[in-house]
Each structure stands twice: as C-alpha cells, then as structure tokens.
Amino acid sequence: MHKKLFIPGPTEVGDDVLKAQARYMIGHRSQDFTDLYDSILTQLRELFKTDQHILVVAASGTIFMDITARNLIRSGKKALCCVNGSFSSRMYDAVVGSEKEADRLDVEWGKAVKPEMIKEKLEKSKYDVITICYNETSTGVKAHLKEIADVLKDYPETLLAVDAVSSMGGDLLYPEEMGTDLVFASSQKCFALPPGLAVGVVSQKALDRANEVKGRGLYTDLVAILGYYEKKKQTPSTPAISLLYAMDFQLKKMLKEGAEGIYQRHKAMADYTHKWALDRGFGLFAEEGYRSITVTTVVNTLGKDVGALNKALGEKGMILANGYGKLKDQTFRIGHMGDHTVEDIKKLLNCIDEIWELK
Ligand SMILES: Cc1ncc(COP(=O)(O)O)c(C=O)c1O
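Here the structure is a predicted model, which is why all the values come from computation and not from measurement. (Residues numbered from 1 in each chain as written. Predicted model: local features only at pLDDT ≥ 70, side-chain atom pairs only at ≥ 80, totals over all residues. Heavy atoms only, no water.)

**A closer look at unusual backbone geometry**
Here is the rule: Helical segments are the DSSP runs of H or I of at least four residues, strand segments are the runs of E of at least two, and each set is numbered from the N terminus. Burial classes: relative accessible area under 20% of the type maximum marks a residue as buried, over 50% as exposed, and values in between as partly exposed (1.4 Å probe, protein chains only).
Omega for the bond connecting glycine 9 with proline 10 falls within 30 degrees of zero, at -5 degrees, which places this linkage in the cis form. In this fold, proline 10 is placed in the loop between strand S1 (4–6) and helix H1 (15–20). Unlike most non-glycine residues, glutamate 99 shows phi in positive territory, near 60 degrees. Within the secondary structure layout, glutamate 99 lies in the loop between helix H4 (86–97) and strand S4 (101–106). Given a relative accessible area of 75%, glutamate 99 falls into the exposed group. Of note in this structure, lysine 233 is not a glycine but carries a positive phi near 60 degrees. Locating lysine 233 in the fold gives a position in the loop between helix H9 (222–232) and helix H10 (241–257). For lysine 233, a relative accessible area of 30% gives the class partly exposed.

**Examining the environment of histidine 53**
The test is simple: We call two residues in contact when some of their heavy atoms are within 4.5 Å. Any N or O atom pair separated by 3.5 Å or less is treated as a polar contact, with the protein-specific requirement of one donor-capable and one acceptor-capable atom, and with residues adjacent in sequence counted only for side-chain atom pairs.
By secondary structure assignment, the location of histidine 53 is in strand S2 (residues 53–58). Here histidine 53 is in contact with Gly200, Val201, Val202, Ser203, Gln204, Leu207 and Leu226, once residues within four sequence places are set aside. One polar contact links histidine 53 to glutamine 204, side chain to side chain, over a distance of 2.7 Å.

**Examining the state of the cysteines**
What counts, and what does not: Pairs of cysteine sulfur atoms within 2.5 Å are identified as disulfides in what follows.
Tallied over the full model, the rule gives 0 disulfides. Here cysteine 190 stays free of any disulfide, with the sulfur of cysteine 133 as its closest cysteine sulfur at 12 Å. Overall, the relative accessible area of 2% leaves cysteine 190 in the buried class.

**A short note on a negative patch on the surface**
Applied cut-off: Here, patches come from residues exposed beyond 30% relative accessible area and free of salt bridges, joined within 9 Å for like charges and within 5 Å for nonpolar side chains (Val, Leu, Ile, Met, Phe, Trp, Tyr). Using a 1.4 Å probe, accessible areas were evaluated by the Shrake-Rupley method; residue-level cover was limited to the displayed protein chains. What counts as a salt bridge is simple: a side-chain nitrogen of Lys or Arg found within 4 Å of a carboxyl oxygen of Asp or Glu. In this tally, Asp and Glu contribute negative charge and Lys and Arg positive charge; neither His nor the terminal groups of the chain are included. Lys charges are placed at NZ, Arg charges at CZ, Asp charges at CG and Glu charges at CD.
On the surface, Asp51, Glu176, Glu177 and Glu260 cluster together to form a negatively charged patch. Examined against the element boundaries, aspartate 51 turns out to sit in the loop between helix H2 (31–47) and S2. In this structure aspartate 51 comes out as exposed when scored by relative accessible area, which is 73%.

Right, here's the structure in full:
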C-alpha cells in the first residue's frame, strides 16, 4: 500500500506531477530546452519576487553547501557557521571539508540563532559569509532571516548564505526583502517534487565574490553555471530533464495559489498541529516565536512508542518521522509541507488519536 508521506521530505508527490515527467527527452542544446528552463526560471522569479540570479542544478540541496564553501569564501578569510541542529552542522562540515576556515556559533538545539549573537561574533572577527538554516528540519526551528540580514548591513563584506531546503516554496522567502545572498532548496520538500533538483537564488554581490575566489570546482562553479546561462540560456552540463518537466508543471500550480496563499496554508497546518500536540499533553521542541510552519517537532512527553505508531499508521496508508538523530524517540516529526492541506493533517492526527487512544 502507498504510504502518504507526512515526513519532512521527501514529501508527497501528486499523480499529475509524476505523470508530467513521463515525456520524451529533448536535447539540452535545443530551443525546446531553452524554453523549458526559461519558463522555470521565470516562474521561480515570480514566486520569490526576485530579480537575482537563479540556477537549478541536477543534484540534491547539499550541493549548495559545497557551492557556498567554494564560491563565497576567499582564501585566508573565514565563514561563521550558525549551528542549531543537524543540517546547519552539515553546512559547517561542508565548509571545513573544502578546506576553508570556519568558526561555529553553536546554539542549543530547539533554540533559534538570534541577531545579537551574530552581532557579537562580527564585532570580534571578520567573516566572508554567515551560514544559517532558515528551517532546521531536525528541530523544527525557523530563523528570523530579515533581522539577521539587518545586522549584516553594517558589515558589507559579509554575505548571508541560507539553507532553505525545507522552507523555500512553503514559508515566505523574498531574497531582496530578506537580505539573502545565496539561498537554496531541494525539490523534494516544499516544492512537492521528486528528489534530484536543487534551486539556488544568488545576489549580484555573491556572484561578484565568487569571481574573486579561486578553486570553485567545476560542477560547483557559480560563475561558470550562471555565465553559461547568460550566454546560452542553458545549463553547462546535462540537466535532469524529466524532473524539470515536473518542476515546470508544479510551478504553474504554485503560482496559481501564490506565495502568500501557500504560506497561509502552511501556517494553518502548523497552527493546527501545534494545538493538537499541546492539547494532548505533548511539548513542542522549538522555542516559541521561532516555530517552523513546515515541520513540527513534537516532544514525546507521554513516552509513546513512535516505531509502533508508524507501523499502525502504515496500515492506514500514512507515515510520519521519528526524531532526527539524537532526538529519536524523544521527539517525533510531522511534515506539513508541499501539497498537504489542513484536511490531510486532520486525518493524520485523528488516526494518531485513535491509535494512541488520546481522545
Ligand atoms: C534543512 C536541510 N538542509 C539540508 C538538507 C539536505 O538536503 P538534500 O538531502 O536535498 O541534499 C535537508 C534534508 O532533509 C534539510 O532538511
């Protein structure tokens, strides 16, 4: 039986989107491909109200961690990596893995990175880039990006690189308004597409920086990828054409709903889930005021068996996620991102009530 995915990615992909992939291949040096890619970039620009550079890479979102490390940090300079969960920690690993220097700003899991913490670091050291996770999927914490970008206004040399893997296309994200220089996501989260595409939005300032940096790699070279698009309106290497068909199709639906409509739907799902958890005597792992609207990390204060729950849910054609890494069993996560609606969430939570006899 198909299990409807209430995990925080990959998310449920609709039959219409799956079918949109099933078309004949086209050459990636053809006008047909240029039209397809242009249609996608135009729609992404409209959705995120941005005039910045956009690229869609055949890779998962993690590629942009390597892109950040290799393009935005000059030799002899360093990054400040804000770490408050597993994915923000992965960004730190990517930076040092590219032999770039980085300081960590560690914040307790479940808490948000606050602007004053970053300001304190910036007063002591110079950084080429600050990395932050917009939506820590491991903890359900969201960052207040604009407040952080406001701090950076006094530090024009410092770029803001944002992992928005589990929030772009769900939560609001307007790069210019929010002050991001590189913000990226994966197709298998809020876009409700199969995995395999990574989307990045890049400011001119970030591209200028990349031009100054040596050792950008080949597949991770922002200057080459964006330069190729400028000249030829195509991608330098073979794109994932089937996935791009699906993305083009899905973006049309997303634009119909609009970024604000999508945000409101996600907010309503998050509010419903939060209330459900608190009413049943569970806790919420993320600190108040910084709770994700795409994933809820529920503290398992009632000591319920999450593995057994998923088995029972599986028989009803649904699945949610256990806590991430060290939070396994202490927490469980409900993904309310992508195409899900409040009705879908209600159905899931009613089933949990029944299985755990909570009502
Ligand atoms: C916040 C965040 N960053 C990065 C990643 C890694 O993305 P990918 O698996 O698409 O490389 C994930 C995946 O769950 C994520 O949730």
